[in-house]
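Each chain is listed here by its residues.
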Amino acid sequence: MKTSVIGFPRIGRNRELKFASEKYFSGKISEAELQETARMQREFNLTTQKHAGIDLISSNDFSFYDNVLDTAFLFNVVPARYKDLGLSTLDTYFAAARGYQGDKGNVKALAMKKWFNTNYHYIVPEIDDDTNIELVGTKPIDEYLEAKNLGVETKVLLIGPFTFLKLARFTGSKTAEDFAETLTSAYITLLGKLASEGAKNIQLDEPYLVRDLNEKDITLFESIYTQILAAKGDLKILLQTYFGDIRDIYEKVISLPFDAIGIDFVEGRKSLELVKTYGFPKGKLLLAGLVNGKNIWRNNYAETNKKIAELQNVVSDEDFVLSTSCSLLHVPYTLASETKLPENYKAHFAFAEEKLTELKEIASQSQDALEKNTVLFKNRPDVFDTKVQDRVASIKESDYTRLPAFEEREKIQKELLQLPLFPTTTIGSFPQTDDVRKNRKDFKTGAITEEQYVAFNENKIRACIENQEEIGLDVLVHGEFERNDMVEYFGEHLSGYVFTEKAWVLSYGTRCVKPPIIWGDVSRQEAITVKWSVFAQSCTKKPVKGMLTGPVTILNWSFPREDISLQESTLQIALAIRDEVLDLEKNGIGIIQIDEAALREKLPLRKSDWYSEYLDWAIPAFRLVHSGVSPKTQIHTHMCYSEFTDIIPAIDSMDADVITFEASRSDLLILDALKENHFKTEVGPGVYDIHSPRVPSVDELVGQLTKIRAKTEDSKLWVNPDCGLKTRGETETNASLRNLVTAAKIIREA
Ligand code: GLN
Ligand code: ZN
């Protein structure tokens, strides 16, 4: 059996690319030095896969920031405002990715969105009526040749034209259909160049095919690919899909002259059924995605072999290729970097490099490997806790409802809190400066005592409160100096979790997250955040928001178990966080924010599954967390990336009192939707983008607030940045917040 890997992580085993990029951003290294780090990473990836014996390896899976943005730059889909800065190509690219503020100008970054149902974020290409699509770059060719020089004949990964158009934002009157022709011919030009450089195999990634598709989509796809396939010459074209099944277009896809088709049998619930029902054409390769590219658990060989056997009833041996289910970008590099996990735990995991071994072991049908694997699935230590299971089993229907209803609570809280119109606040974290990180690290390694650790954090909290008072914010936060990460921190204080040292996964740009692993039944042993919030509240007369992460986000940003349902795990976590909410309330914290930054993450890609498979349990799980508090306690929630225009009723039924969310990068489109849906919850649409270091001016913020006011009720409007400030520097943060408070005052007076 041959093996294929869709894509490999690029940030580096030790995040080498991240650190080099960040040094480049701050002017500490040259472009040549950055390029050299990048080259070394690519070489490492290629040789690792080659040594593992993988047959089909991708090139051009590398990116400095994002592959969709690379595709935009490759085809000249670059808004004039970035080109006009007159920067080098690489810096223009980074300006579009991160925004630019300097002597050449002042521009915001392009919008960023979640890559399907992952925690990776892509940059949204922006196409206006004058965009002149043509091939202007050489990245895929360069990286193909580079690999070839290293002795690796790769398949060249390209984001497919259909997915590219479907993900792009059209700012003028033209639509995807209007650009299909020129984009297709630009791809054809690229394929021609690749062929003349000796490339043989092209992998066109079309994950958009796993979404609900309508007639128009299918026509668009067909017209693009009929042309590409007619012009492909000797190139072999692999259509690669992932993150689900392609039920709306499977028959069409198998009827087109692709040379190979990649299908996800892990997340694609209907994939097997599709292949069995409609067959698979002889002479084409089926790349069967059977090794999960998203989770970190060992593959169950016996189960996989069953699926392989079923597929081989339809597909002949020589046409069958064993593949990852999606790019390995979504898992960490290697267990070899984990020095602290006990071996009997480690044995149950497979990261990217170990997945290569799994591919080979399954492909070789080694009896020995199968036996070892079977034993593994019978022995997982320390998993079950009957107390937790009983508590979940005894949740009552009424536990999911907070009383009294929102309107009544709103009155009580306005009366009690006496906040000004347009109250100002932040999302929770303040800049995580080096000393803050060092304090945590020193405590972890035992270099300082707990007393020293706490004293440092208390000083930080006090200073942070003083700073917020001085800036003039209305609802304060303690600053989250004790947290490395909003999920890992809670995981560390809950039983049932295990942690890694270097299991980083790319989230956006150079930002990585290190998701903790839900190993067994989850429960809270003691109060987690209460002491910090109580201390912060003791430093001020203004209200301090308690700051928690919600159960759905904790689940979605952890590697979940595969032996119980997501719902079951989420309810366990919800009960633990509920205890924390009640403890905060009991200790005098009157406003509590429960972040659900990642609520949307596991939303099924098909609309038809949204409620029945996800929201119907995820939203009640959130309500379970806060249904026990008094009407006087104000519950906030926060969501990143305001992509919830289409689930507004669900968001409203989380029944929080206030919700803050990202809006600054998305042109406030969501506000129209809130209005149409008579959204009851008070709202704080983020007025500036914290993912970029630029400082918004007072004028800009007043402008933004004026636009927001036109679409929301004054009495429901909060003023805040669009996310936590932990990744920002102190100077830009203070300047931005000062401007924010000034802008709110101007609007109040007006
Ligand atoms: N409270 C968190 C913070 O401010 C929220 C972060 C997030 O939404 N990603 O850091
Ligand atoms: Zn956020």
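Model, not experiment: these values are computed from the prediction.

**Here's the deal with the site of ligand 1**
- Taken together, the neighbourhood of ligand 1 is formed by I427, G428, S429, E480, M486, M547, D595, A597, H638, C640, C723 and G724.
- At 3.0 Å from a nitrogen atom of ligand 1 is found a main-chain nitrogen or oxygen belonging to I427.
- For ligand 1, an oxygen atom lies 2.7 Å from a polar atom in the side chain of S429.
- Isolated, ligand 1 exposes 300 Å² of accessible area, and the fraction of that covered by the protein chains is 92%.

**Things to note about the coordination of the zinc ion (ligand 2)**
- Bound to the zinc ion (ligand 2) are the protein donor atoms H638 (NE2), C640 (SG) and C723 (SG), situated 2.1 to 2.2 Å from the metal.
- One can describe the site at the zinc ion (ligand 2) as tetrahedral: its four donor atoms subtend angles covering 86 to 122 degrees at the metal.
- Taken in sequence order, the residues that donate to the zinc ion (ligand 2) follow the motif H-x1-C-x82-C. Of this pair, H638 sits in strand β21 (residues 634-639) while C723 sits in the loop between α27 (698-709) and α28 (730-749), and the two are 85 residues apart along the sequence.
- We classify C723 as buried; its relative accessible area is 16%.

**Thoughts on the sheet that holds strand β10 (residues 201-205)**
- Read across the open sheet, the eight strands follow the order β1-β14-β13-β12-β11-β10-β8-β2; overall the sheet is parallel. The sheet terminates laterally at β1 (2-4) and β2 (58-59), the two strands that pair on one side only.
- As defined by bridge partners, strand β12 (residues 260-264) adjoins strand β13 (residues 285-291) across five bridges and the pair is classed as parallel. When the bridges of β13 are listed, G262 appears paired with L287.

**What to know about the pairing of strand β15 (residues 494-498)**
- A large share of β15 lies buried, amounting to four of its five residues.
- Summarising the sheet, β15 and strand β18 (residues 517-524) pair through four bridges and their orientation is antiparallel. Bridge pairing in β18 links L494 to R524.

**Notes on helix α12 (residues 301-312)**
- End to end, α12 covers 16 Å across twelve residues, agreeing with the expected 16 Å (1.5 Å per residue, within 8%).
- Inspection of α12 places Y301, T304, I308 and L311 among the buried residues, and these make up the whole buried set. The buried residues of α12 occupy one face: seen down the axis, they fall within an arc of 80 degrees.
- Against α11 (271-278), β13, β14 (320-324), α14 (352-364) and α15 (367-376) lie the buried residues of α12.

**A closer look at the pattern of salt bridges**
- Scanning all chains against the criterion turns up 56 salt bridges.
- One salt bridge in this structure joins K372 and D368, with 3.3 Å as the shortest N-O distance. One end of the pair is K372 and the other is D368, both in helix α15 and four residues apart, which spans about a single turn.
- Taking relative accessible area as the criterion, K372 reaches 57% and is therefore assigned exposed.
- The shortest N-O distance in the salt bridge between R709 and D714 comes to 2.9 Å.
- In the salt-bridge network here, residues are joined through shared partners; they are R42, D70, K139, E143 and E146.

**Details of the packing of helix α18 (residues 434-445) against helix α19 (residues 450-471)**
- For the pair α18 and α19, the least separation of the axes is 9 Å and the interaxial angle reads 160 degrees. Judged by the angle between their axes, α18 and α19 are roughly antiparallel. Our pair here, α18 against α19, has a crossing hand that is left-handed. Contacts from D435, V436, N439, R440 and F443 in α18 reach E450, Q452, Y453, F456, N457 and K460 in α19.
- Looking at the contact of α18 with α19 residue by residue, the classes come out as four nonpolar, three polar and four charged.

Parameters at a glance
- Residues numbered from 1 in each chain as written.
- Chains lettered and ligands numbered in written order.
- Predicted model: local features only at pLDDT ≥ 70, side-chain atom pairs only at ≥ 80, totals over all residues.
- Heavy atoms only, no water.
- Near = heavy atom within 4 Å.
- Polar contact = N/O pair within 3.5 Å; in protein donor to acceptor, adjacent residues only side chain to side chain.
- Areas by Shrake-Rupley, 256 points an atom, 1.4 Å probe, with all protein chains shown as cover.
- Donors = N, O, S within 2.8 Å, 3.2 Å for Na, K, Ca; no water.
- Tetrahedral: all angles 85-135°; square planar, octahedral: opposite > 155°, others 65-115°.
- Helix = DSSP H or I, 4+ residues; strand = E, 2+ residues; numbered from the N terminus.
- Buried < 20%, exposed > 50% of the residue type's maximum accessible area, 1.4 Å probe, protein only.
- Pairing = 2+ DSSP bridges.
- Expected span 1.5 Å × (residues − 1).
- Arc of directions from axis to C-beta.
- Contact = heavy atoms within 4.5 Å.
- Salt bridge = Lys/Arg side-chain N within 4 Å of Asp/Glu carboxyl O.
- Axes fitted to C-alpha atoms, helices over the stretch in contact; angles between N-to-C directions.
- Parallel < 35°, antiparallel > 145°, perpendicular 65-115°, else oblique.
- Left-handed = near helix turned anticlockwise from the far one by under 90°.
- Nonpolar A, V, L, I, M, F, W, Y, C, P; charged D, E, K, R; others polar.

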